[in-house]
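# Residue-level structure breakdown
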Amino acid sequence: MSASVKGRPPRVGDAPGFRRALIGVVLTLVAIVIIAPLAVIGYQAFSQGLQVYAAAIAHPDTLHAIGLTVVTALIAVPINTAFGVAAAWAITKFDFWGRRFLLVVIEIPFSISPIVAGVAYLFVYGLQGLFGPALESADIKILFALPGIVLASMFVTAPFVARELIPLMQAQGRDLEEAATSLGASGWRTFFSVTLPNIRWALLYGVVLCNARVMGEFGAVSVVSGNIRGQTNTLPLHIELLYHDYQTAGAFAAASILALLAVVTLVAKVLLERQGAGRARRGPALAAPAAAPKTASAEVSS
Amino acid sequence: MARRILPGFPLALGITLVYVSIIVALPLGALVFKAASLGFEDYWRIVSSPRAVASYRVTALSALAATAFNLVFGMALAWVLVRYRFPGRRFVDALVDLPFALPTAVAGIALTTLFAENGWFGSVLAQAGIKVAYTPLGIMVAMAFTSLPFIVRTVQPVLEDLDPALEEAAQTLGGSDHSIFLRVILPLLTPALLAGLSLSFARSLGEFGAIIFIAGNQPMETEITALLAFIRLEEYDYQAAAAIASVLLIAAFLMLAVTNILQARALRYTARG
């Protein structure tokens, strides 16, 4: 093996000593910064043995938190997905006034602190908020209950599916759909037989990332949930509660479930990227505003 | 305006607008409305109170330090992943996204345990007299962890697409590695680096979950702005919560504008190259 990538003359930084030293330093830092936090979760979760771990997971409050987290994801993720597909269809298949502005608005939640999102929801549905008094007299509970948790989760993940689809559908243009429609296919038929097969991996990619964020969201949910043990505690909130109760083994047992979810998400991400997902938008995956899609080159003028 | 050939425009745009209005615009509007209803004097009194100003300082300085660390580490990581082949490279490449995939509360308790005085790293650092957990240094560690992927993932594609001919030309002209990196490669990476820096800094300003476990949360010393907004809320001081949250909102919009400008420039730059 030569020092550089095979068959190329040595490039900048290919001197063997420098190369080895840099790889060594970087891998050491990766071990400290990325691997150690993951390892310490596993270590702490099982530090008192398998039985304590199993008991911590099987505790009714923990099971309830897991259930609430799953229910939240089961509601928030499909709604988000429908929104993402609709937004991508509207933005990439049509030209209309305010299109670029809409793109920016969809991306806003990425830039906003989850705490700000939570506080903002309080001023809509809380007693001191816009609709609070009306909701109170109608006896509808949104805050400190499941609807509030779902709404806050939908805010923080609003862009996840749309931003995977928009660059891809932009690049694919409108030719195929226009051909299908001109041959007499209905709108739904066109979407399911022509568009969906082309975007399925990117769609799944967006759904996987969206799900990971919904299940792990902490800041926004902690404001709107009210942290009622065994009632409105999602798994991340339950971890905080156990941790501050000095139930370290329990906190890390609960944390290990979410860490496992993170690892599964990373594996799914790698597999989906092999299918070409995530390519159209080359940038940070889970939290960054996407680079503005290039419109001029990709669009088909009609 | 072009003719609309494809069906589904009213439905798709309708769903999009309803969702964006209810989920995104309504709450942010309510927050701005609440903060604006304070009146300038009350608003200013709250946002310029010593405790609030101390929280801005802690948040901004820690975010700067974390971003500086990520600038160096993130660029080295991107370089190693793109330019060198070594066993485990793909594994490390996949691991880079872990800070985004790992819920922040989980990251928070993991980092706190590692850096506490009896932790794996904390015990070693304590011998050197360095305290990380429950100090501003801890805030920096949490911010650096949660925003690490930004710089790696913005620099990586640019580094991959870098034309080897540029380096070769510089090498034929007798440039040393050091000077070629500084004069040829670094300028080409700068737009992507700046975009990554602004994303990383913006994320650090708003981070909450990972920080509150490790920060110690002492008012005036290790209390971040997001936590102060949260505390005001728990004290039922909704006006103060709205005002302080609005400061974070304004900071987020400023960073969003900066990021968009930098990314547009980065795109133009790449397109030209």
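Residues numbered from 1 in each chain as written. Chains lettered and ligands numbered in written order. Predicted model: local features only at pLDDT ≥ 70, side-chain atom pairs only at ≥ 80, totals over all residues. Heavy atoms only, no water.

## Some remarks on the overall build of chain B
- When helices and strands are tallied, chain B shows 13 helices and zero strands.
- Of the regular secondary structure in chain B, the N- to C-terminal order runs α-α-α-α-α-α-α-α-α-α-α-α-α.
- Here the C-alpha coordinates of chain B stretch approximately 70 × 70 × 35 Å along the principal axes.
- The long-range fraction of contacts in chain B, counting pairs at least 24 apart against all pairs at least 6 apart in sequence, stands at 75%.
- Surface exposure of chain B reaches about 11,700 Å², of which carbon and sulfur atoms provide 66%.
- Side chains of chain B carry 18 positive and 17 negative charges; the gap between the two charge centres is 7 Å. (Helix = DSSP H or I, 4+ residues; strand = E, 2+ residues; numbered from the N terminus. Contact = heavy atoms within 4.5 Å. Areas by Shrake-Rupley, 256 points an atom, 1.4 Å probe, with all protein chains shown as cover. Lys, Arg positive; Asp, Glu negative; His and termini not counted. Charge placed at Lys NZ, Arg CZ, Asp CG, Glu CD.)

## Section: the packing of aromatic side chains
- Evaluated as defined, the whole model comprises 22 aromatic pairs over all chains.
- Here the aromatic rings of Phe96(A) and Phe9(B) are separated by 5.4 Å at their centres, their planes lie at 55°, and the arrangement is tilted. You can see Phe96(A) sitting in the loop between helix H3 (60–93) and helix H4 (99–111) and its partner Phe9(B) sitting in helix H1 (residues 9–36), one on each of two chains.
- A relative accessible area of 10% places Phe9(B) in the buried class.
- Taken together, a centroid distance of 5.5 Å and an interplanar angle of 50° make the contact between Phe208(B) and Phe230(B) tilted. One end of the pair, Phe208(B), is in the loop between helix H10 (177–206) and helix H11 (209–214); the other, Phe230(B), is in helix H12 (residues 225–234), with 22 residues separating them in the sequence. Each member of the pair, Phe208(B) as well as Phe230(B), carries the same accessibility label: buried.
- One aromatic cluster is present, built from ring pairs that chain together Phe218(A), Tyr243(A), Phe208(B), Phe213(B) and Phe230(B).
- Here the basic side chain of Arg19(A) rests over the ring of Tyr84(B), its NZ or CZ set 5.7 Å away from the ring centre. (Phe/Tyr/Trp six-rings, centres within 6.5 Å; stacked < 30°, edge-to-face > 60°. Buried < 20%, exposed > 50% of the residue type's maximum accessible area, 1.4 Å probe, protein only. Lys NZ or Arg CZ within 6 Å of the ring centre and 35° of its normal.)

## Let's talk about the UniProt feature "transmembrane region" (unreviewed entry) in chain B
Residue and element names in this part refer to chain B.
- Mapped onto this structure's residue numbering, the UniProt feature "transmembrane region" (unreviewed entry) falls at residues 12–36, 56–82, 94–116, 128–152, 180–201 and 240–262.
- Span residues 94–116 is 78% helix and 0% strand, its end C-alpha atoms 28 Å apart.
- Between the first and last C-alpha atoms of residues 240–262 the distance is 33 Å; the span itself is 100% helix and 0% strand. (UniProt positions renumbered as here; feature names shortened; annotations may be inferred.)

## Re the UniProt feature "domain: ABC transmembrane type-1" (unreviewed entry) in chain A
- As annotated in UniProt, the feature "domain: ABC transmembrane type-1" (unreviewed entry) corresponds to residues 66–273 of chain A in the numbering used here.
- Between the C-alpha atoms that bound residues 66–273 of chain A there is a distance of 29 Å. The span itself is 80% helix and 0% strand.

## Considering the interface of chain A and chain B
- Taken residue by residue, the interface counts 104 residues in chain A and 98 residues in chain B.
- Roughly 8,900 Å² is buried in total at the junction of chain A and chain B, and carbon and sulfur atoms are behind 80% of that figure.
- Counting across the chain A and chain B interface gives two salt bridges.
- We note a salt bridge from Lys269(A) to Asp97(B), for which the minimum N-O separation is 2.5 Å.
- Where chain A packs against chain B, one counts 14 residue pairs in polar contact (both at pLDDT 80 or more). (Buried area = accessible area lost by both parts, 1.4 Å probe. Salt bridge = Lys/Arg side-chain N within 4 Å of Asp/Glu carboxyl O. Polar contact = N/O pair within 3.5 Å; in protein donor to acceptor, adjacent residues only side chain to side chain.)

## Notes on the side chain of Arg11(A)
- Mapped onto the elements of the fold, Arg11(A) is located in the segment before helix H1 (16–45).
- Setting aside anything within four residues of it in sequence, one finds Arg11(A) in contact with Arg83(B), Leu162(B), Pro164(B), Glu167(B), Gln171(B) and Asp177(B).

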